[in-house]
Amino acid sequence: MGKVKYYYDSETLSYRKIKRRKRTTLKYAAVFLVAAAIFGFLFVFIASQYIESPKERQMTRELQNMQLQYELLNKRMDDAIAALENVEERDNAIYRLYFEANPIPEEQRRAGFGGINRYKKYEGFDNSQLISESNKRLDILEKAIVVQSKSLDEIAKLAEDKEKFLSAIPAIQPVNNIDLTRMASGYGFRTDPFTKVRKFHFGMDFTAPRGTPVYASGDGIVKRADNSSTGYGKHIRIDHGFGYVSLYAHLYKYNVRVNQRVKRGDLIGFVGSTGRSEAPHLHYEIFKDGNRINPINFYYGNLSAEEYSKLLEKASLENQSLD
Ligand SMILES: [Zn+2]
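What counts as what
- Residues numbered from 1 in each chain as written.
- Predicted model: local features only at pLDDT ≥ 70, side-chain atom pairs only at ≥ 80, totals over all residues.
- Heavy atoms only, no water.
- Salt bridge = Lys/Arg side-chain N within 4 Å of Asp/Glu carboxyl O.
- Helix = DSSP H or I, 4+ residues; strand = E, 2+ residues; numbered from the N terminus.
- Buried < 20%, exposed > 50% of the residue type's maximum accessible area, 1.4 Å probe, protein only.
- Pairing = 2+ DSSP bridges.
- Contact = heavy atoms within 4.5 Å.
- Core = buried A, V, L, I, M, F, W, Y, C linked by side-chain atoms within 4.5 Å.
- Expected span 1.5 Å × (residues − 1).
- Bend = angle between axes of the 7 residues up to and from the residue.
- Phe/Tyr/Trp six-rings, centres within 6.5 Å; stacked < 30°, edge-to-face > 60°.
- Lys NZ or Arg CZ within 6 Å of the ring centre and 35° of its normal.

## Here's the deal with the pattern of salt bridges
Part 1 of the argument: All chains considered together, the criterion is met by 17 salt bridges.
Part 2 of the argument: The closest approach of N and O atoms between Arg-109 and Glu-88, which form a salt bridge, is 4.0 Å. Residue Arg-109 is found in helix 3 (residues 106-109), and its partner Glu-88 is found in helix 2 (residues 54-98); the two are separated by 21 residues along the sequence. Across this residue pair, the class does not change: Arg-109 and Glu-88 are buried.
Part 3 of the argument: For the salt bridge of Glu-318 with Arg-198, the shortest nitrogen-to-oxygen distance reads 2.7 Å.

Here you go:
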């Protein structure tokens, strides 16, 4: 309740109550409220510059925690990159070397990280450095993993080819050791059994009784099984792929047909003395890229070290071939 005020009315010669108008009261109240609001707002604003609210304290803690987690993540990414580098090193130095593939150069494994700044979008904040560092590490890691993965795909393919290659090339003696009566002649200069002239003998002769089984020395496809090549009589040629062909001559009988696919060790025919031959024997040749090479280097599949050195000794004797 405010004070009651009076004024002297000279007309009625009496004191009369001053009546305050309602509008004036409202104006005073409004001015007071606005002033209080401005003052209160200023106070809170100034105070907040110096005093952290509980929510701010919590956010600061969260931010610190996030920075710490980022640093830990960066460290773990470094470890992952180091582990991958180890794999890359083995890839270059062992796997690719073993399969005769060129090592992948460092520039290719780390390609695409120079030039433009792809981390610009992270700039302008207190933690920019930390965030772009993490992104950069992860990018390097991702790229290196892709390159490594492709390299391993290539090696898997090479390994598969190597396996095919190993089962394809001629690698066993085409006649069993127990079936041999004696090794007649090897690759090199020998006396011709018919003309007695010294001439080059391009294969190896395995002496064995007529009808002795002859085996394919590697996987391949029968390209010929006929007697229309001069001197060889009934003979078989197997194409092994990779430039290798093996030839089995003077056969008594065939056990395969042209275009038949054979595996190493398959029975393909029988020893005979057809064509230019003096006695029953198998004349065996190996071609590489069209040239005849010494078959002595292709028996590692089924001979012991001792058997092999005996064979080597006999094959190198300069005797008379059976042709
Ligand atoms: Zn021969």
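Let's pick the thread back up.
## Details of the pairing of strand 10 (residues 244-254)
Part 1 of the argument: Pairing geometry for strand 9 (residues 234-241) and strand 10, over six bridges, is antiparallel. Bridge pairing in strand 10 places Arg-237 opposite Leu-247.
Part 2 of the argument: From the end of strand 9 to the start of strand 10, which pair antiparallel, there are two residues, and Phe-242 there has a positive phi angle of about 55°.
Part 3 of the argument: Pairing analysis gives six bridges linking strand 10 to strand 13 (residues 281-288), with the strands arranged antiparallel. Paired with Leu-247 across the bridge in strand 13 is Glu-285.
Part 4 of the argument: The pairing of strand 10 with strand 12 (residues 267-271) spans three bridges and is classified as antiparallel.

## Re the side chain of Thr-212
Part 1 of the argument: The residue Thr-212 is located in the loop between strand 6 (204-207) and strand 7 (213-215) in this model.
Part 2 of the argument: Given a relative accessible area of 7%, Thr-212 falls into the buried group.
Part 3 of the argument: Discounting chain neighbours no more than four positions away, the residues touching Thr-212 are Val-175, Asp-179, Gly-269, Phe-270 and Val-271.

## Section: the nonpolar core
Part 1 of the argument: The biggest cluster of nonpolar side chains holds 28 residues, and the ones touching the most others in it are Phe-206, Ile-236, Ile-238, Tyr-248, Ile-268, Leu-282 and Tyr-299.
Part 2 of the argument: Counting residues per element, the ones that place at least two in this core are strand 6, strand 8 (220-226), strand 9, strand 10, strand 12, strand 13 and helix 5 (305-316).

## Focus on helix 2
Part 1 of the argument: With 45 residues, helix 2 ought to run about 66 Å at 1.5 Å a step, and its terminal C-alpha atoms sit 64 Å apart, in line with that.
Part 2 of the argument: At Asp-91, helix 2 is deflected by roughly 40°, the largest bend along its length.
Part 3 of the argument: Where helix 2 is concerned, the buried positions are Asn-74, Met-77, Ile-81, Leu-84, Glu-88, Asp-91, Asn-92 and Arg-96.
Part 4 of the argument: The elements touched by buried residues of helix 2 are helix 3 and helix 4 (128-168).
Part 5 of the argument: Positive phi shows up at Glu-100, right after helix 2, with a value of about 55°.

## Quick notes on the packing of aromatic side chains
Part 1 of the argument: Evaluated as defined, the whole model comprises 13 aromatic pairs.
Part 2 of the argument: Seen in terms of ring centroids, Phe-206 and Tyr-299 are 6.1 Å apart; in terms of plane orientation they differ by 80°. Their pairing is edge-to-face. Separated by 93 residues along the polypeptide, Phe-206 in strand 6 and Tyr-299 in the loop between strand 14 (291-293) and helix 5 bring together distant segments of the chain.
Part 3 of the argument: A relative accessible area of 0% places Phe-206 in the buried class.
Part 4 of the argument: On the accessibility criterion, Tyr-299 (0% relative accessible area) is buried.
Part 5 of the argument: Lying across the ring of Phe-270, Lys-253 places its NZ or CZ 5.7 Å from the centre.
Part 6 of the argument: For Arg-292, the ring lying beneath its charged end belongs to Phe-202, and the centroid distance is 4.0 Å.

## A closer look at the pairing of strand 9
Part 1 of the argument: Alignment of strand 8 against strand 9, held across five bridges, turns out to be antiparallel. Within strand 9, the residue paired with Arg-224 across the bridge is Arg-237.

## Focus: unusual backbone geometry
Part 1 of the argument: Positive phi values are uncommon outside glycine, yet Leu-13 reaches one of about 55°.
Part 2 of the argument: Relative to the elements of secondary structure, Leu-13 occurs in the loop between strand 1 (6-9) and strand 2 (14-17).
Part 3 of the argument: Judged by its relative accessible area of 60%, Leu-13 is exposed.
Part 4 of the argument: Within the chain, Lys-196 stands out as a residue other than glycine whose phi angle is a positive 60°.
Part 5 of the argument: When you line up the elements, Lys-196 lands in the loop between strand 4 (188-191) and strand 5 (198-201).

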